[in-house]
Amino acid sequence: MTRIIAICNQKGGVGKTTTAVNLSAALSMAERRTLLIDADPQGNATQGVGVTVGDEPTLYEALLEETPWTPEAASGYIMKTQLPFLDIVPATHHLAGAEIELVNCVSRETRLREFLKMIAQRYDYILIDAPPSLGLLTLNVLVGAKSVLIPIQCEYYALQGLAELLNTIRLTQQSFNAELQIEGALLTMHQSSTVLSKQVVEEVRNSFQEKVFHSVIPRTIKLAEAPSYGKPILLYDIATPGAVAYMKLAQEIMGIKQ
Ligand SMILES: Nc1ncnc2c1ncn2[C@@H]1O[C@H](COP(=O)(O)OP(=O)(O)O)[C@@H](O)[C@H]1O
Ligand SMILES: [Mg+2]
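In this text, all values refer to a predicted model and were calculated from it rather than measured experimentally.

## Brief notes about the site of ligand 1
- With respect to spatial proximity, 18 residues lie near ligand 1, and among them Lys-16, Thr-17, Thr-18, Leu-223 and Ala-224 are the closest.
- At the level of secondary structure, the elements contributing two or more residues to the shell around ligand 1 comprise helix 1 (16-29) and helix 10 (221-225).
- The element that contributes the greatest number of residues to the shell around ligand 1 is helix 1, accounting for three residues.
- Classifying every residue of the shell around ligand 1 gives seven nonpolar, nine polar and two charged.

## Points about the pairing of strand 4 (residues 86-89)
- A two-sided burial pattern is seen for strand 4, the buried positions comprising Leu-86 and Ile-88 on one face and Asp-87 and Val-89 on the other.
- By the bridge criterion, two bridges tie strand 3 (residues 79-80) to strand 4 in an arrangement that is antiparallel. Bridge pairing in strand 4 places Met-79 opposite Ile-88.
- The antiparallel hairpin formed by strand 3 and strand 4 contains five residues in its connecting segment.

## Brief notes about the pairing of strand 2 (residues 34-38)
- Burial of strand 2 is extensive: five of the five residues sit out of reach of the surface.
- The alternating pattern of strand 2 places Thr-34, Leu-36 and Asp-38 and Leu-35 and Ile-37 on opposite faces, both of which are buried.
- Relative to strand 4, strand 2 is paired through four bridges, and the arrangement is parallel. By the bridge assignment for strand 4, Leu-35 is matched with Asp-87.
- Where strand 2 meets strand 5 (residues 125-129), five bridges bridge the pair, whose relative direction is parallel. Following the sheet pairing, Leu-36 is matched in strand 5 by Leu-127.

## Looking at helix 6 (residues 111-119)
- Those residues of helix 6 lying buried are Arg-111, Leu-112, Phe-115, Leu-116 and Ile-119. Axial view of helix 6: buried residues confined to an arc of 120°, hence all on one face.
- Contacts from the buried residues of helix 6 go to strand 1 (3-7), helix 3 (59-64), helix 4 (71-75), strand 5 and helix 7 (136-144).

## Some words on the packing of helix 7 against helix 8 (residues 162-175)
- Close contact between helix 7 and helix 8 brings their axes to 10 Å; oriented N to C, the two are set at 55°. For the element pair helix 7 / helix 8, the angle class is oblique. Considering how the two elements wind past one another, helix 7 and helix 8 form a crossing that is right-handed. Every residue of helix 8 that contacts helix 7 at Leu-139, Leu-142 and Val-143 is listed here: Thr-168, Ile-169 and Thr-172.
- When grouped by side-chain class, the residues that make up the contact of helix 7 with helix 8 number four nonpolar, two polar and no charged.

## Describing the nonpolar core
- Ranked by size, the top nonpolar core spans 76 residues in total, and within it Ala-6, Ile-128, Val-141 and Leu-142 carry the most contacts.
- Looking at this core, the element that brings in the most residues is helix 12 (residues 241-254), giving seven residues.
- Beyond its immediate chain neighbours, meaning those up to four positions away, Val-141 contacts Ala-6, Cys-8, Ala-39, Leu-112, Ile-128 and Ala-130.

## Let's talk about the environment of Arg-122
- By the element assignment, Arg-122 lies in the loop between helix 6 and strand 5.
- Classification of Arg-122 by C-beta neighbours within 10 Å gives partly exposed; the count is 15.
- A sequence separation of 48 residues divides Arg-122 from Ala-74, and the C-alpha atoms of the two residues are 12 Å apart.

## A closer look at the sheet that holds strand 1
- The strand order across the open sheet formed by seven strands is 3-4-2-5-1-6-7, and the pairing between neighbours is mixed. Because the sheet does not close on itself, it has two edges, and the strands there are strand 3 and strand 7 (181-188).

## Some remarks on unusual backbone geometry
- Residue Glu-31 is not a glycine yet carries a positive backbone phi of 60°.
- One can find Glu-31 in the loop between helix 1 and strand 2.
- Judged by local crowding, Glu-31 falls into the exposed class, with 10 C-beta atoms found within 10 Å.
- The phi dihedral of Met-189 falls on the positive side, at around 50°, and the residue is not glycine.
- Secondary-structure assignment places Met-189 in the loop between strand 7 and helix 9 (195-208).

The rules behind each value
Residue positions are counted from 1 within each chain, in the order its sequence is given. Here every chain gets a letter starting at A, and every ligand a number starting at 1, in the order they are written. Owing to the predicted nature of the model, reporting of local features is limited to residues with pLDDT of at least 70; listing and counting of side-chain atom pairs is limited to 80 or more, with chain, interface and lining totals taken over all residues. For each residue, a C-beta atom is placed from the backbone, and the residue counts as near a molecule or strand when that atom lies within 6 Å of it. Put simply, DSSP H or I for four residues or longer makes a helix, DSSP E for two residues or longer makes a strand, and each gets a number counted from the N terminus. Following the grouping adopted for this structure description, the nonpolar residues are Ala, Val, Leu, Ile, Met, Phe, Trp, Tyr, Cys and Pro, the charged ones are Asp, Glu, Lys and Arg, and the polar ones are all others, Gly among them. Put simply, a residue is buried when 20 or more other C-beta atoms lie within 10 Å of its own C-beta and exposed when 12 or fewer do; between those, it is partly exposed, and each C-beta is set from the backbone. At least two bridges found by DSSP between two strands are what make those strands a pair. Here the arc refers to the set of directions running from the helix axis out to each C-beta atom. Here contacts are defined at the residue level, using C-beta atoms placed from the backbone and a cut-off of 7 Å between them. Axis definition: a line fitted to C-alpha atoms, limited for helices to the stretch in contact. Angles are taken between N-to-C directions and run from 0 to 180 degrees. Our angle categories are set so that under 35 degrees counts as roughly parallel, over 145 as roughly antiparallel, 65 to 115 as roughly perpendicular, and the remainder as oblique. Two helices that cross are described as forming a left-handed crossing if the nearer one is turned anticlockwise from the farther one by less than a right angle, and a right-handed crossing if clockwise. One nonpolar core equals one set of buried Ala, Val, Leu, Ile, Met, Phe, Trp, Tyr and Cys residues connected by C-beta atoms within 7 Å.

Have a look at this one:
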């Protein structure tokens, strides 16, 4: 069964895209067939794996497609990346229009799910990079996914807004996707030397209990630099602590004991 994981937190700058890019790269390097869906109009996940969009159709066109899907038609939205086991459905700034244009469409909440149905069986993992909002795009992401990974930045106010996210997840479960689960909370940009990071780790472990990944992503400049080269950290500098952390996270997700 394909694992479809949404990477969600309506706060911007918490490490969603960094996690989507590097976790999907790590899974693909373990030879798991992986698809990254860029559902953020900023298109940072697309750029982060080094994909440039020209005339190719993107997630925007896929969400607004009116004719019923066939697997062949859905394939036209998938692009290859530099990693053999990693594909992407890219996004550009046009995707911002979908938030408004979808409002008047029938089955506006299940558009992504219908698209994914056509291609899911070809992959072991599908990771979706969600936008920093709780609008219709994020709703499509939550309806299309089987679980949610919540990146939480180790900083003051880390837990602010999480009640709202958890409430949106609950409403999605009630109305559209009863099977949706919490995959786990992921602590990001952790600085082991600071008291603040320690406090956030404690707080997040208290609220999410066992639903917190053991892997903690450190704050390292290499993780911030890699996107400017269009490379996941594993291709930019595999020995760096950030790369090791995302490989450990991939192992945790794959259920490999460490
Ligand atoms: N672990 C990390 N260490 C250092 N910088 C990071 C780390 N994770 C993310 N960043 C940087 O922080 C910024 C926000 O991260 P990003 O993944 O784009 O967050 P989001 O997708 O939630 O908005 C980016 O500039 C990114 O390069
Ligand atoms: Mg992002």
